[in-house]
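Commentary on secondary and tertiary structure
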Amino acid sequence: MKKHFTAIALIGALFAMAGITAAQAQSTTTSSKSTAKTPAKKPVAKKKAPAKKAAAAAAPAAKMPFSSDAEDDESEPELGGTVSADYNCELGHKLTIWKNEADDRHIAIRWDKKINRLTRVETTTGAHRFENRKLGLVWIGIPAKGLLLDSKKGQQLANECKNPEQQQVSAAAAAPAVAAAPKN
């Protein structure tokens, strides 16, 4: 049964990644068409943009509000007023997820000794999918488990992630199967 859930989660992640790649390719072709039609004043505006990036890089990294509508950021989110859940994953991996009851569009996740903010991405399957595109982190949560992916490298970071509540449910489901097994 676990193999089926893992296979379904991986296939869903692959299709989602293919959709993102197709959307990025479409936006690239659209922007290249619009660039051809723009007047000569456009390059001047592009020269001003790097100056803003340099000023932003020089400023100290402040904590990002947990529920802000800002784009994904690499700064650490503010965790005040959130509820946390610790997850134990296969191969001894551990992660923590913070949710704000007033904001279902964002979560914060501690992975690899860093806390990152992820934004909800709508799905057709009903799975809870959160992403941080700058970092490449993708969290997919289904009722039975969670899965953390690195979309930039195209690999799993953690699988079979379960909070204590999910562990109890899976243990209860496994107990009757063990008891019903024939004795030799």
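Report follows, based on the coordinates. (Residues numbered from 1 in each chain as written. Predicted model: local features only at pLDDT ≥ 70, side-chain atom pairs only at ≥ 80, totals over all residues. Heavy atoms only, no water.)

**Describing the pattern of salt bridges**
Pairing of side chains with opposite charge becomes possible as their charged atoms draw close. Heads up, the rule is: Any carboxyl oxygen of Asp or Glu that lies within 4 Å of a side-chain nitrogen of Lys or Arg is treated as forming a salt bridge with it.
Tallied over the full model, the rule gives four salt bridges. A salt bridge links Glu-131 to Arg-129; the nearest nitrogen and oxygen atoms lie 2.8 Å apart. Residue Arg-133 is joined to Glu-131 by a salt bridge in which the shortest nitrogen-to-oxygen separation is 3.4 Å. Here the salt bridges share partners, and the residues they tie into one network are Arg-129, Glu-131 and Arg-133.

**A closer look at the pairing of strand β8 (residues 155-161)**
Formally: We call a residue buried when its accessible area falls under 20% of the maximum for its residue type, exposed when it is over 50%, and partly exposed in between, using a 1.4 Å probe and counting protein chains only. The helix and strand labels rest on DSSP assignments: H or I over at least four residues marks a helix, E over at least two residues marks a strand, and numbering proceeds from the N terminus. In short, DSSP must find at least two bridges between two strands for them to pair.
Of all seven residues in β8, five are buried, a share of seventy percent or more. Once strand β7 (residues 146-150) ends, the chain turns through four residues before running back antiparallel as β8, passing Gly-154 with a positive phi of about 70°.

**Focus: unusual backbone geometry**
Phi is mostly negative for residues that are not glycine, and the peptide bonds are mostly trans. Positioned with a positive phi, Leu-91 is a non-glycine residue whose angle comes to about 60°. Inspection of the secondary structure puts Leu-91 in the loop between β1 (83-88) and β2 (94-100). Although it is not a glycine, Glu-160 sits at a positive phi angle of roughly 55°. Tracing the backbone through its elements, the reader meets Glu-160 in strand β8. For Glu-160, a relative accessible area of 10% puts it in the buried group.

**Focus: the state of the cysteines**
For clarity, the cut-off: Disulfide assignment relies on a single distance test, namely cysteine sulfur atoms paired within 2.5 Å.
Enumeration over the complete set of coordinates arrives at one disulfide. The residue that forms a disulfide with Cys-89 is Cys-161, at a sulfur-sulfur distance of 2.1 Å. Between Cys-89 and Cys-161, the S-S dihedral sits near 110°, and the bridge is therefore right-handed. Here Cys-89 is found in the loop between β1 and β2, whereas its partner Cys-161 is found in strand β8, with 72 residues between them in sequence. In this structure, Cys-89 and Cys-161 share a single accessibility class: buried.

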